[in-house]
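Each chain is listed here by its residues.
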Amino acid sequence: MYHADRRFEILTLEALCDAMLDACLLCRYETVMRPKELYWEDWFNGQIAKVDSGLDDLENKWFESLTNGGFHAGAIAAACTLGYLDFRFPDKDWRTNHPKLTQWFAEVSKRTSMKETFPKG
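A brief report on the enclosed structure follows.

**Focus: the overall build of the protein chain**
If you tally the helices and strands in the protein chain, you get 6 helices and 0 strands. From first element to last, N terminus to C terminus, the protein chain shows the α and β order α-α-α-α-α-α. Since a compact globule built from 121 residues should have a radius of gyration of about 14 Å, the 15 Å found for the protein chain is in line with a globular shape. Dimensions of the protein chain, computed from the C-alpha atoms along their principal axes, are close to 50 × 30 × 25 Å.

**Overview of the environment of Met-114**
Along the chain, Met-114 falls in helix H6 (residues 112-115). Look at Met-114 and you get buried, because its relative accessible area is 6%. Separated by 104 residues in the primary sequence, Met-114 and Ile-10 have C-alpha atoms spaced 19 Å apart. Once residues lying within four places of it in the same chain are set aside, the contact partners of Met-114 are Phe-71, Ala-79, Phe-105, Val-108 and Ser-109.

**Quick look at the pattern of salt bridges**
Inspection of every chain in the model, using the stated rule, returns 5 salt bridges. Between Lys-110 and Glu-107 there is a salt bridge whose closest N-O contact spans 3.1 Å. Taking the relative accessible area as the measure of exposure, Lys-110 reaches 54% and is therefore exposed. Of the residues examined, Glu-107 reaches a relative accessible area of 46% and is grouped as partly exposed.

**Considerations on helix H4 (residues 73-88)**
Because an α-helix packs 3.6 residues into every turn, residues spaced three or four apart end up facing the same way. In this model H4 runs 22 Å from its N-terminal to its C-terminal C-alpha over 16 residues, within 8% of the 22 Å that 1.5 Å per residue would give. The set of residues buried in H4 consists of Gly-74, Ala-75, Ala-77, Ala-78, Ala-79, Thr-81, Leu-82, Gly-83, Tyr-84 and Leu-85. At its buried positions, H4 is contacted by helix H1 (7-32), helix H2 (41-59), helix H3 (63-67), helix H5 (99-108) and H6.

**Brief notes about H5**
If you check which residues of H5 are buried, you get Leu-101, Trp-104, Phe-105 and Val-108. Relative to the axis of H5, the buried residues are bounded by an arc of 100 degrees and lie together on one face. Across from the buried face of H5, at angles greater than 90 degrees, the exposed residues are Pro-99 and Gln-103. On its buried face, H5 is in contact with H2, H3, H4 and H6.

**Re the packing of H4 against H5**
A pair of packed helices is captured by two measures, namely the crossing angle of their axes and the spacing between those axes. Running from amino to carboxyl end, H4 crosses H5 at an angle of 100 degrees, the nearest separation of the two axes being 11 Å. With respect to their mutual orientation, H4 and H5 come out roughly perpendicular. Contacts between H4 and H5 involve Ala-75, Ala-78, Ala-79, Leu-82, Gly-83 and Asp-86 on the former and, on the latter, Leu-101, Trp-104, Phe-105 and Val-108. Tallied by class, residues from the contact of H4 with H5 come to 8 nonpolar, 1 polar and 1 charged.

Definitions and cut-offs
- Residues numbered from 1 in each chain as written.
- Predicted model: local features only at pLDDT ≥ 70, side-chain atom pairs only at ≥ 80, totals over all residues.
- Heavy atoms only, no water.
- Helix = DSSP H or I, 4+ residues; strand = E, 2+ residues; numbered from the N terminus.
- Rg over C-alpha atoms; globule rule 2.2 N^0.38 Å.
- Buried < 20%, exposed > 50% of the residue type's maximum accessible area, 1.4 Å probe, protein only.
- Contact = heavy atoms within 4.5 Å.
- Salt bridge = Lys/Arg side-chain N within 4 Å of Asp/Glu carboxyl O.
- Expected span 1.5 Å × (residues − 1).
- Arc of directions from axis to C-beta.
- Axes fitted to C-alpha atoms, helices over the stretch in contact; angles between N-to-C directions.
- Parallel < 35°, antiparallel > 145°, perpendicular 65-115°, else oblique.
- Nonpolar A, V, L, I, M, F, W, Y, C, P; charged D, E, K, R; others polar.

Written out as structure tokens, the structure is:
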């Protein structure tokens, strides 16, 4: 359990990851569900830019919050976001510019709870 003083911090981190996932879902819909003739590249790029900005924030601004205090709600949301990126956007190279996040995700991915809930094909 985390200290009550960190509640706002952790919930803000969780909200950042929720917003990143929202942008990921919109990108997924744009590329999979929308008819090819209606695909809007600028809109897709705008959504993926939100994901990239969030990754930068997780790597820099929020990394200490992410790694401090156990596997809290914000950390779970971040792990789920990174896992979704790997699952639905396997060609997106988010790791190259985010080495701390890459290492953290590799470690939390070893958790039983993560291994048992990774999507399967």
